[in-house]
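# An overview of the molecular structure
As a plain string of letters, each chain reads:
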Amino acid sequence: MVAVSTQNTPSPKEKKTKKTRRSHKKKKPTTIPKEGDVNNDAMDDLLPTDTTSRIPIQPEAQTKPLDDGEDEDMVMIDPSASDATTSLPAFPPLPASAHASTMQSETRRILIPPHRLTPLKKDWINIFSPLTEMCGLQVRMNVVRKCVEMRTSSLTKEVGALQRGADFVKAYALGFEVNDALALLRMDDLYLESFEIKDVKTLHGDHLARAIGRIAGHEGKTKFTIENTSRTRIVLADTKIHILGSFQNIKIARDAIVSLIMGSPPGKVYAGLRIVGARMKQRAM
């Protein structure tokens, strides 16, 4: 006997329709996402779907809470140390003799120009006595080097006494009178400022001579007016100008002199000085 199978064999037409249906179903292309554009759906497509290929997390790799002894970066603070009160050291004040012994003697030399040697000999007593009595300095005149030498001694009380004495002698060497230069020893806010006419404007020949004449004025009238209004002292030494006074007063006198060098008429400078003088009187009141 021949056994007949009960299964239905597909016809050739049915085979063709199955092939066409399979051909219509195309696989989607797998695209690798760029950095910053990674989505969850894309990551699911890239990851394997087989759960057996995943690596299980071992229990040793799981994070555990760190104990106090395992954290190396933590600073160990003893609470008992913070409670203890620290006492500041108390040092007794040094005696005056110990302070005087530690001070080293300093020296200064101020060169005297040749045209100021003769006036220095006449006013030597007036220069020598305030330096020794007020500042407590040791002073001498070196005739060979043509300079005044001074140094500190055990009688020097202030630290800046040597600098004040040097400024006093330097002011006298520049051409100031003894009484005007003596204000540097008595007052603290006095300074010296020097500049040349060429620093303001380059002038030559008769133009330079006329500029010096405008600053001095007829018989020194303009210079005296600037000094009295700005409360300063001015020395004209050829093309160099020296001003002695406080910082604010030096600025007023310098502005007036600069305007004269630039060619302003004296009348205009006088008007500006009157306004400045009136303001200074109001501030003083």
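Residues numbered from 1 in each chain as written. Predicted model: local features only at pLDDT ≥ 70, side-chain atom pairs only at ≥ 80, totals over all residues. Heavy atoms only, no water.

## A short note on the overall build of the protein chain
Stated formally: Helix and strand assignments come from DSSP, with helices taken as H or I runs of at least 4 residues and strands as E runs of at least 2, each series counted from the N terminus. Residue burial is assigned from relative accessible area. The probe radius is 1.4 Å, only protein chains are included, and a residue is buried under 20% of its type maximum, exposed over 50%, and partly exposed in between. By definition in these notes, contact holds between two residues if any of their heavy atoms fall within 4.5 Å. Each accessible area is a Shrake-Rupley result for a 1.4 Å probe, and residues are judged covered by the shown protein chains and nothing else.
Per the secondary structure count, the protein chain includes 14 helices and six strands. Looking at the protein chain as a whole, 24% of its 285 residues are labelled buried. Across the protein chain, every contact between residues at least 6 apart in sequence was considered, and the portion connecting residues at least 24 apart equals 56%. Total accessible area computed for the protein chain in this model is approximately 22,700 Å², and 55% of it derives from carbon and sulfur atoms.

## Quick word on unusual backbone geometry
Peptide bonds are, in most cases, trans, and in most cases residues other than glycine have a negative phi. Backbone geometry places Lys-146, a non-glycine residue, at a positive phi of 55°. Its place among the elements puts Lys-146 in the loop between strand 2 (137-142) and strand 3 (147-152). Phi is positive for Glu-219, close to 55°, though the residue is something other than glycine. Following the sequence through the fold, Glu-219 ends up in the loop between helix 11 (206-216) and helix 12 (221-230). Residue classification places Glu-219 among the exposed residues on the basis of a relative accessible area of 69%.

## A look at the sheet that holds strand 6 (residues 240-245)
Convention followed: Any two strands with at least two DSSP bridges between them are considered paired. Axis angles are defined between N-to-C directions and span 0 to 180 degrees, where every axis is a line fitted to C-alpha atoms and, for a helix, only to the segment in contact.
Spatially, 4-6-5 is the arrangement adopted by the three strands of the open sheet, whose pairing is antiparallel. One side of each edge strand has no neighbouring strand; the edge strands of this open sheet are strand 4 (191-196) and strand 5 (233-237). Between one strand axis and the next, the sheet turns by 15° as a mean value, whatever way the strands run. On top of the sheet, helix 7 (residues 161-174) reaches strand 4, strand 5 and strand 6; it is set at about 35° to strand 4, its chief contact.

## Quick look at the sheet that holds strand 3
Taken together, three strands build an open sheet; the order of strands is 1-3-2 and the sheet is antiparallel. Across the chains shown, the open sheet's two edge strands, defined by having one partner strand only, are strand 1 (107-111) and strand 2. The mean angle between the axes of side-by-side strands here comes to 20°, regardless of whether they run parallel or antiparallel. Contacting strand 2 and strand 3, helix 6 (residues 124-133) runs over the sheet at an angle of about 150° to strand 2. Each of strand 1, strand 2 and strand 3 is contacted by helix 7, which is oriented at about 10° to strand 1, the strand it contacts most.

## Re helix 13 (residues 247-261)
Put simply, the test is: For a helix, the expected span equals 1.5 Å multiplied by the residue count minus one.
With 15 residues, helix 13 extends 21 Å from end C-alpha to end C-alpha; this agrees with the ideal 21 Å at 1.5 Å per step. Of all the residues in helix 13, the buried ones are Asn-249, Ile-250, Ile-252, Ala-253, Ala-256, Ile-257, Leu-260 and Ile-261. In the stretch just after helix 13, Gly-263 is the one whose phi turns positive, near 115°.

## Topic: the pattern of salt bridges
Quick reminder of the rule: Here, a salt bridge means any side-chain nitrogen of Lys or Arg that lies within 4 Å of a carboxyl oxygen of Asp or Glu.
Throughout the structure, instances matching the rule amount to eight salt bridges. Close ionic contact of Glu-158 with Arg-164 constitutes a salt bridge, the shortest N to O distance being 3.9 Å. A relative accessible area of 46% places Glu-158 in the partly exposed class. For Asp-255, the salt bridge goes to Lys-251, with nearest N and O atoms at 3.2 Å. One end of the pair, Asp-255, and the other, Lys-251, are both in helix 13, four residues apart, so they sit about a helical turn from each other. By relative accessible area, which is 40% here, Asp-255 ends up partly exposed. Shared partners join several salt bridges into a network, and the residues in it are Arg-109, Arg-140 and Glu-149.

## Focus: the packing of aromatic side chains
This is how the line gets drawn: Ring pairs shown here join Phe, Tyr and Trp side chains whose ring centres sit within 6.5 Å, with only the six-membered ring taken for Trp; geometry is labelled stacked below 30 degrees between planes, edge-to-face above 60, and tilted in between. Ring-over charges, as used throughout, are those where CZ of Arg or NZ of Lys falls within 6 Å of the ring centre and within 35 degrees of the ring normal.
Taken as a whole and assessed by the stated rule, the structure comprises one aromatic pair. When the ring centre of Tyr-172 is taken as origin, the NZ or CZ atom of Arg-116, which lies over that ring, is 4.5 Å away.

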